[in-house]
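The primary structure of each chain is shown beneath.
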Amino acid sequence: MPSRRQILAGTGLAALGAGVAVTRGTGGFEPYHDGEEEPDTTWWRQPTFDRIGSCYNPRSVGPRREVAERWSREIPGPSARPVVTDGRAYLPTAEALLVVDAATGEELWRADGGDPPMWPRSVAVFGGTVYLTQVGDPPLLALDAETGDEQWTFTAAEYGLRPLLVDHERPSLYTGDGSGTVYALDPATGDVQWDADVFGTVTALVQSIPDLVVGTEAGEVYGLYPGDGRGLWREGVSGPVDALATANGRGAFVSTFGGPTVELDGRRGGEPAWSTDVWSADSFVVAGRNLFAAGHRLVDLDVRGGDRLWTGGATAQCGPAAAGDTVYAASETHVTGYAVRGGLGVGGLRVDARRWSHPVEGRPEQGLAVADGAVFVLTEGGGDDRSMAYALEEA
């Protein structure tokens, strides 16, 4: 007799192409994907799920009701957001990239960088290769996803490489450094396809049509042509870019620490389309017309004008995620699943928005990932608490 997890996995993999809507569960949310024509919705292959930075899988591949721990394990402390693909969870920690079995949490291999230990900044997995930026040298490595063997490395002309973004259709691997240089690399070899200068340390990258959108620590947002790096537009915001996402043809959604969140219209040279006094740590969730921010609280904004649709519980500085009709956020002590539409009600007056909440040891950080029927979260310990990695699945 199949287990509940097997049944859930089977139903979660029902086809849902771009523009195809299904009504599921409380609130009647109709999920659709505003990114690639045929989005890769099986796994969570890069930090913000896809090229547009949506952190949203239109398939219901995460727990919707009560949850249980599929597994948990102690880690040295989180350094970046986990990614999950092809049955493996890639856990960036302060001492190493730990690669574990997504079903059991059993360690398969690790990359530790020797002495001093590796401090991964960003991880992405495509085509059997793990791409990894780290604090040490070389700042970017390409590793075999099966074994961890090194395939190639890349060293920036100045110092430090931070975000990673994979465009597997072009194909290109985008990254940026502390001196304000954006690179497009050949994913197979690490050869430079082009580079471009921006102002400030590169903190975030997403890709829309027709722009590669770049956010910096200096509070600048750029639209670059992804084929050669030439500038299309530039706009300043109120502080370092903390979260960045886009929907094709809409420019970019940008958050700075403490707020505001703004939409920049790439069709009008990056001119602000709207602004609201909320903010989001690490990332947004872009689910259809819903833009979720998680700074002090989970807030659902209407992408068409920034109006607040509903507000959830308190949140830690941990990027949210969503799958199907459920959005996931973390507080200082819990991971919680909410109905995307906020439960029952009108406007900000909602009931039954929260579907479940599960305690964790340590404070959730870096951002959540949803894949393989589970929510994956890394926590930072302190005092008597340990730093932990969790996979939470439907009970």
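The shown structure was predicted, so the numbers you read here are calculated from the model rather than taken from an experiment.

## Structural notes on the confidence of the model for the protein chain
Looking at the protein chain as a whole, the pLDDT averages 87, with 86% of positions reaching at least 70. In this model residues 1-30 is a low-confidence stretch, pLDDT under 50, and it forms 57 contacts with partners more than four residues away in sequence or in other chains.

## Some thoughts on the sheet that holds strand β2 (residues 67-74)
Backbone-to-backbone hydrogen bonds pair the strands of a sheet. The strands run either parallel or antiparallel. Spatially, 4 strands are ordered β2-β35-β34-β33 in an open sheet, and the strand pairing comes out antiparallel. Among the strands making up the open sheet, the edge pair consists of β2 and β33 (363-371). Geometrically, the sheet is characterised by an average inter-axis angle of 20° between neighbouring strands, direction not taken into account. Here β33 runs beside strand β34 (residues 374-380); their pairing, made up of 6 bridges, is antiparallel. When the bridges of β34 are listed, Ala371 appears paired with Ala374.

## Some details on the nonpolar core
Membership of the largest hydrophobic core comes to 64 residues, with the highest contact counts inside it found for Trp44, Tyr90, Leu97, Val130, Val335, Leu368 and Phe376. Every residue in contact with Trp44, bar those within four places of it in the chain, is listed here: Phe49, Cys55, Arg81, Pro82, Val83, Val84, Ala321, Leu368, Ala369, Val370 and Ala371. Listed in part, the 14 residues of the second largest apolar core include Phe126, Tyr131, Val166 and Leu185.

## A short note on unusual backbone geometry
For residues other than glycine, phi is negative in most cases, and the peptide bonds are mostly trans. A cis amide bond links Asp137 to the next residue, Pro138, at an omega of 0°. Residues other than glycine seldom take positive phi values, yet Phe49 does so here, at roughly 80°. Owing to a relative accessible area of 4%, Phe49 belongs among the buried residues under this scheme. Positive phi outside glycine occurs at Asp372, with the angle close to 55°. For Asp372, a relative accessible area of 23% puts it in the partly exposed group.

## Comments concerning the pattern of salt bridges
Here the structure, examined in full by the defined rule, presents 21 salt bridges. With its nearest N and O atoms 2.9 Å apart, the salt bridge here joins Arg51 to Asp167. Residue Arg51 is found in the loop between α1 (4-12) and β1 (56-57), and its partner Asp167 is found in strand β11 (residues 161-167); the two are separated by 116 residues along the sequence. Judged by its relative accessible area of 13%, Arg51 is buried. In this structure, Asp167 engages Arg170 in a salt bridge whose closest nitrogen and oxygen atoms are separated by 3.4 Å. When its relative accessible area of 2% is taken as the criterion, Asp167 is described as buried. The exposure class assigned to Arg170 is partly exposed, which follows from its relative accessible area of 39%. What you see here is one network of salt bridges that share partners, running through Arg51, Asp167, Glu169 and Arg170.

Calculation rules
Residues numbered from 1 in each chain as written. Predicted model: local features only at pLDDT ≥ 70, side-chain atom pairs only at ≥ 80, totals over all residues. Heavy atoms only, no water. pLDDT = per-residue confidence, 0-100. Contact = heavy atoms within 4.5 Å. Pairing = 2+ DSSP bridges. Helix = DSSP H or I, 4+ residues; strand = E, 2+ residues; numbered from the N terminus. Axes fitted to C-alpha atoms, helices over the stretch in contact; angles between N-to-C directions. Core = buried A, V, L, I, M, F, W, Y, C linked by side-chain atoms within 4.5 Å. Buried < 20%, exposed > 50% of the residue type's maximum accessible area, 1.4 Å probe, protein only. Salt bridge = Lys/Arg side-chain N within 4 Å of Asp/Glu carboxyl O.

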